[in-house]
Amino acid sequence: GNQGWHTLGTVVWVARAMGRHSRHATRRRLCSRALVMALLAFAGVVDAEIPFNQPFQVVRPTANHTAMLPVPEGLQMLARHDGQIAVVSVVGPYHSGKSFLLNALAGDPGVFQIGRRTSPETMGIWLCRTSLKASDGSEVWLMDSEGFFGPGVSESYDAKIFTIASLLGGHLVYNTVKIIDQQAVNL
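Overview of the structure.

**Comments concerning the overall build of the protein**
- Helix and strand counts for the protein stand at six helices and six strands.
- Counting helices and strands in the order they occur from the N terminus, the protein gives α-α-β-β-α-β-α-β-β-α-β-α.
- A buried classification covers 42% of the 187 residues belonging to the protein.
- In the protein, once contacts between residues fewer than 6 apart in sequence are set aside, the share between residues at least 24 apart is 68%.
- Roughly 10100 Å² of accessible area belongs to the protein as shown, and the carbon and sulfur atoms make up 57% of that amount.

**Points about the pairing of strand S3 (residues 85–91)**
- With six of seven residues buried, S3 lies mostly within the body of the structure.
- Alignment of S3 against strand S5 (residues 139–145), held across six bridges, turns out to be parallel. Within S5, the position partnered with Ile85 by the bridge is Glu139.
- As paired elements, S3 and strand S6 (residues 171–174) share four bridges and run parallel to each other. When the bridges of S6 are listed, Val91 appears paired with Tyr174.

**A short note on the environment of Leu167**
- Structurally, Leu167 is set in helix H5 (residues 155–168).
- Residue classification places Leu167 among the buried residues on the basis of a relative accessible area of 8%.

**Digging into the packing of aromatic side chains**
- In this structure the tally under the stated criterion is four aromatic pairs.
- Pairing Phe56 with Trp141 gives two aromatic rings, centres 6.2 Å apart and planes at 85 degrees, and the pair type is edge-to-face. Of this pair, Phe56 sits in strand S1 (residues 56–61) while Trp141 sits in strand S5, placing them 85 residues apart in sequence.
- By way of ring pairs, the aromatic residues Phe148, Phe149, Phe162 and Tyr174 are connected into one cluster.

**Looking at the environment of Met143**
- Counting through the fold element by element, Met143 comes out in strand S5.
- What makes Met143 buried here is its relative accessible area of 0%.
- Leave out the neighbours within four places in its chain, and Met143 touches Val87, Val88, Ser89, Val90, Leu102, Ile125, Trp126, Leu127, Ala165 and Leu168.

Calculation criteria
- Residues numbered from 1 in each chain as written.
- Predicted model: local features only at pLDDT ≥ 70, side-chain atom pairs only at ≥ 80, totals over all residues.
- Heavy atoms only, no water.
- Helix = DSSP H or I, 4+ residues; strand = E, 2+ residues; numbered from the N terminus.
- Buried < 20%, exposed > 50% of the residue type's maximum accessible area, 1.4 Å probe, protein only.
- Contact = heavy atoms within 4.5 Å.
- Areas by Shrake-Rupley, 256 points an atom, 1.4 Å probe, with all protein chains shown as cover.
- Pairing = 2+ DSSP bridges.
- Phe/Tyr/Trp six-rings, centres within 6.5 Å; stacked < 30°, edge-to-face > 60°.

Honestly, it's all geometry; don't read function into it.
Take a look at the structure:
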């Protein structure tokens with residue numbers, strides 16, 4: 001209910017504040033881990049292996065795209081992993097190649113669904129475990145997000161996607177097919 005979202009909002013504020021004043025990647029990972037742990041409060045923990053190169057949704061939009069909801073099954077998948085992770089988040093306008101870029105990083109063109117229609121394909125936020133390793137030995141996970149400026153979607157919803165992706169990701173990539181314009185900066 002609303003109690004959980006209030007707690008999540010507090011953790012997001014703390015993680016954002018800590019990340020702003022942090023000079024070390026370790027603190028940033030701890031902030032991301034705190035946010036992930038808050039999300040996990042919405043789901044039970046199941047002990048099993050998470051498959052590689054199989055994305056799962058952790059946040060989905062409401063029917064009218066005004067808010068986001070945690071996906072308990074996806075959060076349960078995330079709760080199964082006990083090791084350190086380094087999340088690479090990719091954000092940008094819809095149909096700008098975010099999923100294509102993530103497939104290239106994963107080394108497999110079929111990991112993330114790629115849109116062939118004019119409507120956006122990716123909804124909410126998806127995570128994917130890869131076999132890649134960061135320089136500190138942590139696993140590299142890829143985060144795909146719903147594209148900005150989609151039809152019938154408000155800028156405030158886009159800002160929520162951007163906020164979650166930037167707070168959870170240790171590395172944030174803004175992918176676009178054109179130059180970054182004022183509309184993108186105003187998010």
